[in-house]
Amino acid sequence: MRTTRLPGTDVDVSVVGHGCWAAGGLWWGDDVRDDDAIAAMRAAADAGVNLFDTAPLYGHGHADTLLRQAFGAGLRDLVVASKCGVRWDGDGTHARSDLTPAYLRADIDASLQRLGIEHISLMQVHWPCELGTPIADTMSTLFTLRDEGKIGAIGLCNYSAQQLAEAREHGLISVLQTPYSMLRRELEGPLAAEAASAPKMATFAYEPLCRGLLTGRRNATDRFPDTDLRARDDRFVGKRYLRALTLTSRLALIAARHAVPTSALAVAWVLRQPAVDVALVGAKRPAQVLENVVAGSLTLDDDVWREVDRIAGAWHG
C-alpha cells in the first residue's frame, strides 16, 4: 500500500482510506451488520490501510463505537480522521451544520469519548455553517483545540472553491475532502484550481465508487429498500443509471482482462488524477475491502490507462 504525508504533520497515511459511513448503519439498507463492519475495518488494517474516516453523522456516532470495538487501544496507532459541526434536530432525523465555538468543542469532545482516544489525527468540518458563524470563529476554535492536543491537522469537507479560499485566509488547511469518481466530476474546474494553489494541502476523494455504482455488481433490475439512501438517489434510476451501468460494464471488461477487481480499477483511476492524494472507500464486508485495497498498489501499462481514460471521458452524466 502506497502512503502519502498528511500536510502539516509527520504522519503518513495510506492512499486508500477506509470510509466508515456504511458502518454506522443509518441510511445504508438492511444488510449492515456490526460484526461485518468490524471485520471489514480489521481487514483494511491487515491490508495496509492506516487511515479510517468517520464522523458523528455516521449512525449518530455508531461508526465511532465500532472503530473502538474493532481496535481497542490499538486505535491510537492508526490515523483517525473525523468530522465536526453536525447538529441533529429533536427527533434525530435532520442534520444541519452548527460551527459555533461551543458546539464544535462539545462535538469533538463527544467524538473523543466514543472513540476512546485522547487525540484525533485529522479533524474536518463536515460542511459549511448553516447558522451564520463567521469562518474566522470556526477556524480559531479548531486551532485552539489543536493547541490543546485534542486534534491534529485540520480539514474541510464539501466546501466550494470560494469557501475554501476564505477558510485558508485564517490558517493552514491540511485536507480538502470532496466527492470524486468517474461518475461525479465536480472537483474538476475551480475547486481543483483552488486546491492546487495550496501546495501544503491534500485532497481526499470520497465516493470514488459512486455509492457502489462502479463495483460492477449493480444491474438494471436492482431495487433498494427505503432504509437505503440510494433509493432516493437519482443516479440509481432511469436513463442516467443505465448509462452508468454501460460505463461500468466497459470498465469491468478491462478489469477482467487484467485480473483485477472492477472496484480497484475505478479507485486507482481516481488516485491517478493530479488533484487527488487519497481515496476514501467505504465497505460493509471484508470481501469488499480486499477488492478495494488493490487500488493502493495497482500498476498497469499506460496503454491500459489510456483506454480507461477514454471510458471515463465519455461520461456526460
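This text follows the structure it describes.
Residues numbered from 1 in each chain as written. Predicted model: local features only at pLDDT ≥ 70, side-chain atom pairs only at ≥ 80, totals over all residues. Heavy atoms only, no water.

Chemist: Lay out the overall build of the protein chain with the relevant residues and their values.
Modeler: Across its full length, the protein chain holds 10 helices and 12 strands. Radius of gyration (C-alpha) of the protein chain: 19 Å, near the 20 Å computed for a compact globule of 317 residues. Taking the principal axes of its C-alpha atoms as reference, the protein chain extends roughly 50 × 40 × 35 Å. When burial is assessed residue by residue, the protein chain has 54% of its 317 residues classed as buried. The contacts in the protein chain between residues at least 6 apart in sequence include a share of 75% that link residues at least 24 apart. Between the mean site of the 34 positive side-chain charges and the mean site of the 39 negative ones, the protein chain shows a separation of 4 Å. (Helix = DSSP H or I, 4+ residues; strand = E, 2+ residues; numbered from the N terminus. Rg over C-alpha atoms; globule rule 2.2 N^0.38 Å. Buried < 20%, exposed > 50% of the residue type's maximum accessible area, 1.4 Å probe, protein only. Contact = heavy atoms within 4.5 Å. Lys, Arg positive; Asp, Glu negative; His and termini not counted. Charge placed at Lys NZ, Arg CZ, Asp CG, Glu CD.)

Chemist: Tell me what's going on with the environment of Ala 279, and back it up with residues and numbers.
Modeler: Structurally, the position occupied by Ala 279 is in strand S12 (residues 278–282). Placed 257 residues apart in sequence, Ala 279 and Ala 22 show a C-alpha to C-alpha distance of 16 Å. Setting aside residues no more than four positions away along its own chain, Ala 279 makes contact with Val 15, Val 16, Gly 17, Ala 205, Pro 208, Val 267, Val 270 and Leu 271.

Chemist: How would you explain the sheet that holds strand S11 (residues 202–206) if you had to name every residue and give the values?
Modeler: In space, the eight strands of this closed barrel follow the order S3-S4-S5-S8-S9-S10-S11-S12, with parallel pairing throughout. Between one strand axis and the next, the sheet turns through 30 degrees on average, direction left out of account. One ladder, built from five bridges, connects strand S8 (residues 120–125) with strand S9 (residues 151–157); its direction is parallel. When the bridges of S9 are listed, Gln 124 appears paired with Gly 155. (Pairing = 2+ DSSP bridges. Axes fitted to C-alpha atoms, helices over the stretch in contact; angles between N-to-C directions.)

Chemist: So what's going on with unusual backbone geometry? Residues and values would help.
Modeler: Positive phi is not limited to glycine here, since Asn 158 has a value of about 60 degrees. Inspection of the secondary structure puts Asn 158 in the loop between S9 and helix H5 (161–168). Its relative accessible area of 28% is what places Asn 158 among the partly exposed residues. You will see that Arg 211, though not glycine, has its phi angle at about 55 degrees, which is positive. Relative to the helices and strands, Arg 211 resides in the loop between S11 and helix H7 (238–257).

Chemist: A description of the pattern of salt bridges should follow, citing residues and the corresponding values.
Modeler: With the rule as written, the count across this model stands at 24 salt bridges. Residue Lys 150 pairs with Asp 109 through a salt bridge whose shortest N-O separation is 2.7 Å. Of this pair, Lys 150 sits in the loop between helix H4 (135–147) and S9 while Asp 109 sits in helix H3 (residues 101–115); the two residues are 41 residues apart in sequence, bridging distant segments of the chain. Residue Lys 150 is classed as partly exposed on the basis of its relative accessible area, which comes to 23%. You can call Asp 109 partly exposed: its relative accessible area is 30%. (Salt bridge = Lys/Arg side-chain N within 4 Å of Asp/Glu carboxyl O.)

Chemist: Explain H5 residue by residue, including any values.
Modeler: Buried within H5 we find Ala 161, Leu 164 and Ala 167. In an axial view of H5, the angular spread of the buried residues amounts to 125 degrees, which keeps them on one side of the axis. Elements in contact with the buried residues of H5: H4, S9, strand S10 (175–179) and helix H6 (190–196). (Arc of directions from axis to C-beta.)

Chemist: Kindly report on empty space enclosed by the protein, identifying the contributing residues and their values.
Modeler: All told, the structure shown has two cavities of 30 Å³ or more when counted by the stated rule. For the lining of the largest cavity, the elements supplying multiple residues, two or more each, are strand S3 (16–19) and helix H9 (286–292). Broken down by element, the residue count for the lining of the largest cavity peaks at three residues, all from S3. Each residue belonging to the lining of the largest cavity can be placed in one class, and the counts come to seven nonpolar, three polar and no charged. Here the second largest cavity is characterised by a volume of approximately 30 Å³. Forming the boundary of the second largest cavity are Leu 183, Cys 210, Leu 213, Arg 235, Arg 240, Ala 244 and Trp 315. Among the residues making up the lining of the second largest cavity, the classes are represented as five nonpolar, no polar and two charged. (1 Å grid on protein atoms, 1.4 Å probe; cavity = no way out; pocket = protein on both sides within 12 Å on 5 of 7 lines; lining within 4 Å. Points joined across faces, edges and corners; volume = space filled by probe spheres on them. Nonpolar A, V, L, I, M, F, W, Y, C, P; charged D, E, K, R; others polar.)

Chemist: Describe the packing of H7 against helix H8 (residues 262–272), with residues and values.
Modeler: In the contact formed by H7 and H8, the axes pass within 8 Å of each other and the chain directions differ by 100 degrees. Considered as vectors, H7 and H8 are oriented roughly perpendicular to each other. Residues Thr 248, Leu 251, Ala 252, Ile 254 and Ala 255 of H7 form the contact with H8, whose participating residues are Thr 262, Leu 265 and Ala 266. Tallied by class, the residues present in the contact of H7 with H8 amount to six nonpolar, two polar and no charged. (Parallel < 35°, antiparallel > 145°, perpendicular 65-115°, else oblique.)

Chemist: Before we move on, can you summarise the layout of surface pockets with the specific residues and values?
Modeler: Considered as a void within the structure, the largest pocket measures approximately 820 Å³ in volume. The wall of the largest pocket is formed by 39 residues, among which Trp 21, Ala 22, Trp 28, Arg 211 and Gly 282 lie closest to the centre. Elements that contribute at least two residues to the lining of the largest pocket include exactly S12 and H9. No other element matches S12, which puts three residues into the lining of the largest pocket.

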